[in-house]
Amino acid sequence: MKENKKTYWKGLEELTNDESFVKNAEREFPEGPSNLDGSSRRDFLKLMGFSLAAASLAACEAPVRKAIPYVNKPVDINPSIPNYYASTFASGGDYASIVVKTREGRPIKIDGNDLSPISQGGVSAIVEASVLSLYDKQRVAGPMINGEAAEWEAFDAEVKSKLAGAGAVKIVTNTIISPSTEKALNAFAEAFGGAEVITYDAVSSYGITKAAETTYGEAILPSYHFNKSSVIVSFGADFLGTWISPIEFAKQYSKTRKISKERPTMSRHFQFESNLSLTGANADYRTPIRASQSGLAVLALYNAIARKAGASTVSAPAVEIEYLEKAANELWANRGKSLVVSGSNDPNVQVVINAINDLLENNGATVDFSTPSYYRKGNDAKMNQFVTDLNAGRVGAVVFYNCNPVYDYIRGGEVAEGIAKAKVSIATNSTPDETASLCQYVAPDHHYLESWNDFNPRKGYYSLSQPTISPLFKTRQAQESFLIWSGNSINYYDFLQENWRATLFGTQSEISNFQEFWDRSLFNGVVAFPSEPVALSGSADISAAASAIGRVYKADNSGDELVVYTKVGIGNGTFANNPWLQEMSDPISKATWDNYLTVSQSWAAENGVKMFEGATRKARLTVGDKSILVPILVQPGQAKGTFGLAVGYGRTKAGRVANGVGVNAYELLSNANGYTAFDVTEGVTVEVTSDTYKIAQTQTHQTYMGRDFVIQEATLGEYKENPSAGRDFPKVYMDGEFVKPSKISLWKGHRYSQHHWGLAIDMNSCIGCGACTIACQVENNVSVVGKQEVLNRREMAWIRIDRYYSSPEGASSNKELEQVADNPEVIFQPMMCQHCNNAPCETVCPVAATTHSSEGLNQMTYNRCIGTRYCANNCPYKVRRFNWFKYHDNKEFAAVNMAQNDDLGKMVLNPDVTVRARGVIEKCSMCVQRIQAGKLTAKKEGRKVQDGDINTACATACPTDAIVFGDMNDPESKITKMLKIEDNNDSPTKEVGEERAYHVLEYLNVNPNVWYFTKIRNKDKSEA
């Protein structure tokens, strides 16, 4: 086996062995009150006294101070027994079918719905965190007229009167995928003289739908099937992170990346992009390209495919793009089972993409226009015209249906000015955001967890949402408002049912009773009428598209360029006021609580910019006549000559959490060519200022002190030759021979007569999206600590996603390291408590606060812990968290820790998990509360626990099924079969037959209950 001599690093400071980094890495608690080197015994006792005092305080406190018993218990609520409701998350075009867990009538947790053919049980970080927005005190509490509270009856009478005499009425909305909502809006439009509905999306896909109209005659968004693709080529489409339907695409993609000795095949993924995206980080071959080259790269690929197909080529400026010819060869060899996508919003680029997929016979196979998706219906041209009409005084009344164009549209300033020129302005937004605060009338909508609705994300696929709690405020469902204003007396629930009776009921021939059909649909949450893909025929003038691309894009590589992108956690900014999302580490930069200007390492070196622990300089970014100050973040993988900036920040009226965080990137965008362009290739200048700034990054907060073999990887070719390729097999010398470290131990070891819980994590499937981190935070009441405490290295996350860059063997000089940083390989590794069978934390705790269970779990007894932190010091994985402060009921954290400091916010807390007090250590418990609940259910039903009865929050949330939880003593469990455990005895040392399975830091012989599978890259051996 070839020894892996790659160098792995989490950040540039670690790669270059920055002096400050080394100094902090050698100190276990660099954020502590003082450095005890050379200090006296008295100083040591003072420091320990802090922990002892904190523990004493914790023993006298209880986070929950009020308990109200039931007098007359609701029929459908039993204390301590959760209820589950199938529902749907939809925000604009973002979609997931979900299951909502409620406790005592409170929604507290969201999981994916396994019955959904679209999202297939997956969720994202935003979906997981959306439950907290239900309990946001800054939601509008009732109808408002000119900023004053009103009653619904008087409000409705005034709105109807004003609309009747307003003249032209316009309804502005983000994408609507609800058929019944569209029907209610149509009823409203007809009642007021044919009001026009104008749809826009903050992150537009107009270029794709416009190109489909040009090529196939219909403005539609196709369905994509990454699971059917052997070769995937993406031009800037972050389909695993933020592009169109990342939950759906990630689930599909993961199916092509899972391998085994019996099935040693996987897809090959090429990515051409400017910013290092989540999708690019997972690619087998990634090429950084300038934004101005992206359209030309698409043309070059078209010409390469056309020559192979014997079709006519087009005239295009020549560009040299690494791996482009290789991608063309492999696409052609996999016709009908390949896929080419582009994140560009330029219709001409998308016309060429359609032509490429047609030449490759992918139309009707991996690209399906016959079963369109409805995620993005925004029309940039119509929205642009609306803003012009609004400012010209040609709009009598404007209704903003749950959208915020003043903030997230490129002409938002003009929208703000134009609202005052309309006779009537109405918003249904549930928060007093940048748009709603300017409107005369605000009719606040319910939160989606308080609402009835239906959804049609793709042709033939439907889902329902239902209320999981009574409305917390005097809000009203927006659809019902539209019905009332249009003169309809029917409530929206009945309206919804009637629409389904008329349109969908007859399609279920085996069900003759509508109520049965409705109840079954509501119980399952989804209804599907799948159909086979059909290739659409059409043609477009490729030469005309190529000419237009040639006018917009350039090959001379001159000038600075800006690429505006969307972050996985914050998205388009709709949920920016959610502290869980603000504190989530970005998968790529590992930064929290900010957006920033990403720059290449080479540009940073040329301009004297250096970062450590978030300390950086600010830059003056100028685009045309607009200029902003933004902190600089040096990002490996950034294409030279380009800069990246995320949308979703710079909110001014989002709420106390998000206001003032970051800068607004929407203001820098352009629609000069008739569509919203997220790549700015002209008029961009970047000037480094003397202003300093700190970005709260977590990437180097936990290090392994130079220990090797945390990451183990190989290429697909090596794996085919040897399933153990890339593995390290540590040996120690004993009695004249080399043996496994597990053969030598000071301890007799634990015996597990019942269950032996464990996790298996497939590094090939993990894409680093972070959904598991938010799921863990929600499930286990993990505290939000805010930006300053993250800067102090005190973040509380129980599970983190370690992002590693890698350098090839032999790179050592500064020049070589700089070249490596221009386009490094990336690996993601979920890291949580490893629940070691020989746990070093257990042996050093002076008060036995951390102990080992009879089922293999490392346990924490919080009210016994005195906070010595010996356990954290001895943990080789650095996964234990110390509560430096009391985070609940603390005014110092009230602005960021909404879930534990607001009376309303506390409703989201999981009552099965303790809210930890100051001065104790906490960590992953492998969701022991879920384990106990599953065992209790099985006991009450008089049976054994079955595989699948119990699952951890992280594994449930994972959209790629990278994390598998189960009982390693159960021969039928999925984890046992994955690991190929050869002997299901009660020993803590399991003999596994899976060649890819390994323990991190195996040579320490702590014998974890968490296994990792080696990362396999589909690269040619010579390029690995």
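So, how was this worked out
- Residues numbered from 1 in each chain as written.
- Predicted model: local features only at pLDDT ≥ 70, side-chain atom pairs only at ≥ 80, totals over all residues.
- Heavy atoms only, no water.
- Helix = DSSP H or I, 4+ residues; strand = E, 2+ residues; numbered from the N terminus.
- Contact = heavy atoms within 4.5 Å.
- Areas by Shrake-Rupley, 256 points an atom, 1.4 Å probe, with all protein chains shown as cover.
- Salt bridge = Lys/Arg side-chain N within 4 Å of Asp/Glu carboxyl O.
- Buried < 20%, exposed > 50% of the residue type's maximum accessible area, 1.4 Å probe, protein only.
- Core = buried A, V, L, I, M, F, W, Y, C linked by side-chain atoms within 4.5 Å.
- Expected span 1.5 Å × (residues − 1).
- Polar contact = N/O pair within 3.5 Å; in protein donor to acceptor, adjacent residues only side chain to side chain.
- Pairing = 2+ DSSP bridges.
- Right-handed = clockwise from strand over helix to strand, strands pointing away.
- Phe/Tyr/Trp six-rings, centres within 6.5 Å; stacked < 30°, edge-to-face > 60°.
- Axes fitted to C-alpha atoms, helices over the stretch in contact; angles between N-to-C directions.
- Parallel < 35°, antiparallel > 145°, perpendicular 65-115°, else oblique.
- Nonpolar A, V, L, I, M, F, W, Y, C, P; charged D, E, K, R; others polar.
- Patch = residues over 30% accessible without salt bridge, like charges linked within 9 Å, V, L, I, M, F, W, Y side chains within 5 Å.
- Left-handed = near helix turned anticlockwise from the far one by under 90°.
- pLDDT = per-residue confidence, 0-100.
- Disulfide = S-S within 2.5 Å.

1. Quick look at the overall build of the chain
Inference 1: When its secondary structure is counted, the chain shows 31 helices and 42 strands.
Inference 2: Contacts in the chain between residues at least 24 apart in sequence constitute 74% of all its contacts with a sequence separation of at least 6.
Inference 3: Working note: accessible area of the chain is about 38,500 Å², and carbon and sulfur atoms make up 48% of it.

2. A few points about the pattern of salt bridges
Inference 1: Under the criterion given, the structure shown has 48 salt bridges.
Inference 2: A salt bridge links Arg-103 to Glu-104; the shortest N-O distance between them is 3.3 Å.
Inference 3: A relative accessible area of 25% means that Glu-104 is categorised as partly exposed.
Inference 4: Of the charged contacts, one joins Arg-394 and Asp-389 as a salt bridge, the two residues approaching to 2.6 Å between their closest N and O atoms.
Inference 5: Looking at Asp-389, the relative accessible area reads 14%, which means it is buried.
Inference 6: Connected via shared salt-bridge partners are Lys-109, Asp-111, Glu-128, Glu-779 and Arg-930.

3. What about the nonpolar core?
Inference 1: Formed by 138 residues in total, the largest nonpolar core has its most connected members in Ile-98, Tyr-224, Phe-239, Trp-243, Trp-580, Tyr-877 and Tyr-1012.
Inference 2: Discounting chain neighbours no more than four positions away, the residues touching Phe-239 are Phe-226, Ile-232, Ser-234, Pro-246, Phe-249, Tyr-253, His-269, Gln-271, Thr-279 and Val-341.
Inference 3: Ranked by size, the runner-up nonpolar core spans 57 residues in total, among them Val-172, Val-398, Tyr-407 and Ala-422.

4. With respect to helix 17 (residues 492-503)
Inference 1: Here helix 17 contains twelve residues, and its C-alpha end-to-end distance of 16 Å stays within 8% of the 16 Å for a straight helix at 1.5 Å per residue.
Inference 2: Of all the residues in helix 17, the buried ones are Tyr-492, Phe-495, Leu-496, Gln-497, Asn-499 and Trp-500.
Inference 3: Those residues of helix 17 that are buried are in contact with helix 6 (179-191), strand 18 (453-458), strand 19 (461-465), helix 16 (478-485), helix 18 (514-524) and strand 20 (526-528).
Inference 4: Regarding helix 17, its N-cap is Asn-491, as a side-chain oxygen of that residue lies 3.1 Å from the backbone nitrogen of Tyr-493 further along.

5. A few points about the pairing of strand 11 (residues 268-273)
Across a regular strand the side chains alternate sides, sitting on one face of the sheet and then on the other.
Inference 1: Here strand 11 lies mainly inside the structure; six of its six residues are buried.
Inference 2: Sheet topology note: the strand 10 (residues 231-235)/strand 11 ladder contains five bridges and is parallel. Across the sheet, the residue bridging to Ile-232 is His-269, located in strand 11.
Inference 3: The parallel pair strand 10 and strand 11 is bridged by helix 8 (residues 246-255), and the resulting crossover is right-handed.
Inference 4: Note that strand 11 and strand 12 (residues 285-288) share four bridges and pair parallel. Counterpart to Glu-273 in the pairing with strand 12 is Pro-288.

6. Let's talk about helix 8
Inference 1: Most of helix 8 sits inside the fold, with nine of its ten residues counted as buried.
Inference 2: Pro-246, Ile-247, Glu-248, Phe-249, Ala-250, Lys-251, Gln-252, Tyr-253 and Ser-254 are the residues of helix 8 that are buried.

7. Details of the packing of aromatic side chains
Inference 1: Summed over all chains, the structure comprises 40 aromatic pairs.
Inference 2: With 5.3 Å between their ring centres and 55° between their planes, Phe-188 and Phe-482 make a pair best called tilted. Residue Phe-188 is found in helix 6, and its partner Phe-482 is found in helix 16; the two are separated by 294 residues along the sequence.
Inference 3: A relative accessible area of 0% places Phe-188 in the buried class.
Inference 4: Relative to Phe-965, the ring of Trp-757 lies with its centre 5.4 Å away and its plane at 15°, an arrangement referred to as stacked.

8. Some words on the packing of helix 17 against helix 18
Inference 1: Here helix 17 crosses helix 18 at 110°, and the two axes come no closer than 11 Å. With respect to helix 18, the element helix 17 is oriented roughly perpendicular. Along its contact with helix 17, which presents Tyr-493, Leu-496, Gln-497, Trp-500 and Arg-501, the element helix 18 presents Phe-514, Gln-515, Phe-517, Trp-518 and Ser-521.
Inference 2: Within the contact of helix 17 with helix 18, the residues separate by chemical class into six nonpolar, three polar and one charged.

9. Structural notes on the sheet that holds strand 40 (residues 997-998)
Inference 1: An order of 39-32-41-40 is seen for the four strands of this open sheet, with the pairing classed as mixed. Whereas interior strands pair on both sides, the edge strands pair on one side only; in this sheet they are strand 39 (963-967) and strand 40.
Inference 2: Where strand 32 (residues 757-762) lies against strand 41 (residues 1010-1013), four bridges are found, and the strand directions are parallel. Within strand 41, the position partnered with Ala-760 by the bridge is Trp-1011.

10. So, a nonpolar patch on the surface
Inference 1: A contiguous nonpolar surface patch, about 220 Å² in accessible area, is contributed by Phe-709, Tyr-1003 and Leu-1004.
Inference 2: Residue position: Tyr-1003 is located in the loop between strand 40 and strand 41.

11. Observations regarding unusual backbone geometry
Inference 1: Unlike most non-glycine residues, Glu-104 shows phi in positive territory, near 50°.
Inference 2: Secondary-structure assignment places Glu-104 in the loop between strand 3 (94-103) and strand 4 (106-112).
Inference 3: With a phi close to 50°, Asn-146 is a non-glycine residue in the positive phi region.
Inference 4: With respect to the secondary-structure elements, Asn-146 resides in the loop between strand 5 (144-145) and strand 6 (148-149).
Inference 5: For Asn-146, a relative accessible area of 56% translates into the label exposed.

12. Focus on the sheet that holds strand 15 (residues 397-401)
Inference 1: Pairing is mixed in the open sheet, where seven strands are placed in the order 6-5-17-16-15-7-8. The outermost strands of the open sheet, each flanked by one partner alone, are strand 6 and strand 8 (196-199).
Inference 2: In this structure, strand 16 (residues 424-427) lies alongside strand 17 (residues 441-442), joined through two bridges in parallel fashion. Along strand 17, the bridge assignment pairs Ile-426 with Tyr-441.

13. Details of the pairing of strand 26 (residues 642-646)
Inference 1: Of all five residues in strand 26, five are buried, a share of seventy percent or more.
Inference 2: In the sheet, strand 21 (residues 560-565) pairs with strand 26 via five bridges, with the strands oriented parallel. Its bridge partner lying in strand 26, Val-563 is registered against Gly-644.

14. Observations regarding the packing of helix 4 (residues 125-133) against helix 23 (residues 771-779)
The relative placement of two packed helices is expressed as an angle between their axes plus a distance between the axes.
Inference 1: Following both chains from N to C, one finds helix 4 and helix 23 inclined at 20°, their axes separated by 8 Å at the closest point. If you check the angle between helix 4 and helix 23, you find them roughly parallel. Two packed elements cross with a definite hand, and for helix 4 against helix 23 that hand is left-handed. Here helix 4 contributes Ala-125, Glu-128, Ala-129 and Val-131 to the contact with helix 23, which in turn contributes Ala-771, Ile-774, Ala-775 and Val-778.

15. A closer look at the confidence of the model for the chain
Inference 1: Here the chain averages 88 in pLDDT, while 89% of its residues score no lower than 70.
Inference 2: This stretch, residues 33-39, has a pLDDT under 50; its non-local contacts, to residues over four places away or in other chains, come to six contacts.

16. Focus on the side chain of Gln-479
Inference 1: As for its position among the elements, Gln-479 is in helix 16.
Inference 2: At a separation of 3.4 Å, a polar atom in the side chain of Gln-479 contacts the side chain of Tyr-401.
Inference 3: Excluding anything up to four places from it in sequence, Gln-479 contacts Thr-181, Ala-184, Tyr-401, Asn-453 and Tyr-492.

17. Remarks on the environment of Gln-477
Inference 1: Structurally, Gln-477 is set in the loop between strand 19 and helix 16.
Inference 2: Along the sequence, Gln-477 and Ala-443 sit 34 residues apart, while their C-alpha atoms lie 8.9 Å from each other.

18. Thoughts on the state of the cysteines
Inference 1: Enumeration according to the criterion identifies zero disulfides in this entry.
Inference 2: Counting only cysteine sulfurs, Cys-924 is the nearest neighbor of Cys-833, a cysteine outside any disulfide, at a range of 5.6 Å.
Inference 3: Judged by its relative accessible area of 6%, Cys-833 is buried.
Inference 4: Considering cysteine sulfurs only, Cys-871 is the nearest to Cys-841, which forms no disulfide, with 6.3 Å between them.
Inference 5: Judged by its relative accessible area of 7%, Cys-841 is buried.

19. Points about the side chain of Thr-475
Inference 1: By secondary structure assignment, the location of Thr-475 is in the loop between strand 19 and helix 16.
Inference 2: Taking relative accessible area as the criterion, Thr-475 reaches 9% and is therefore assigned buried.
Inference 3: Among the polar contacts listed, one links the side chain of Thr-475 to the side chain of His-446, at a separation of 2.7 Å.

20. Quick word on the environment of Asp-346
Inference 1: Its place among the elements puts Asp-346 in the loop between strand 13 (338-342) and helix 12 (347-359).
Inference 2: Residue Asp-346 is classed as buried on the basis of its relative accessible area of 1%.
Inference 3: When the C-alpha positions of Asp-346 and Asn-673 are compared, they lie 8.5 Å apart, and in sequence the two are 327 residues distant.
Inference 4: With sequence-adjacent residues up to four places away left out, Asp-346 is seen in contact with Gly-207, Tyr-553 and Tyr-675.
Inference 5: A polar contact of 3.0 Å, which involves the side chain of Asp-346, links it to the side chain of Tyr-675.

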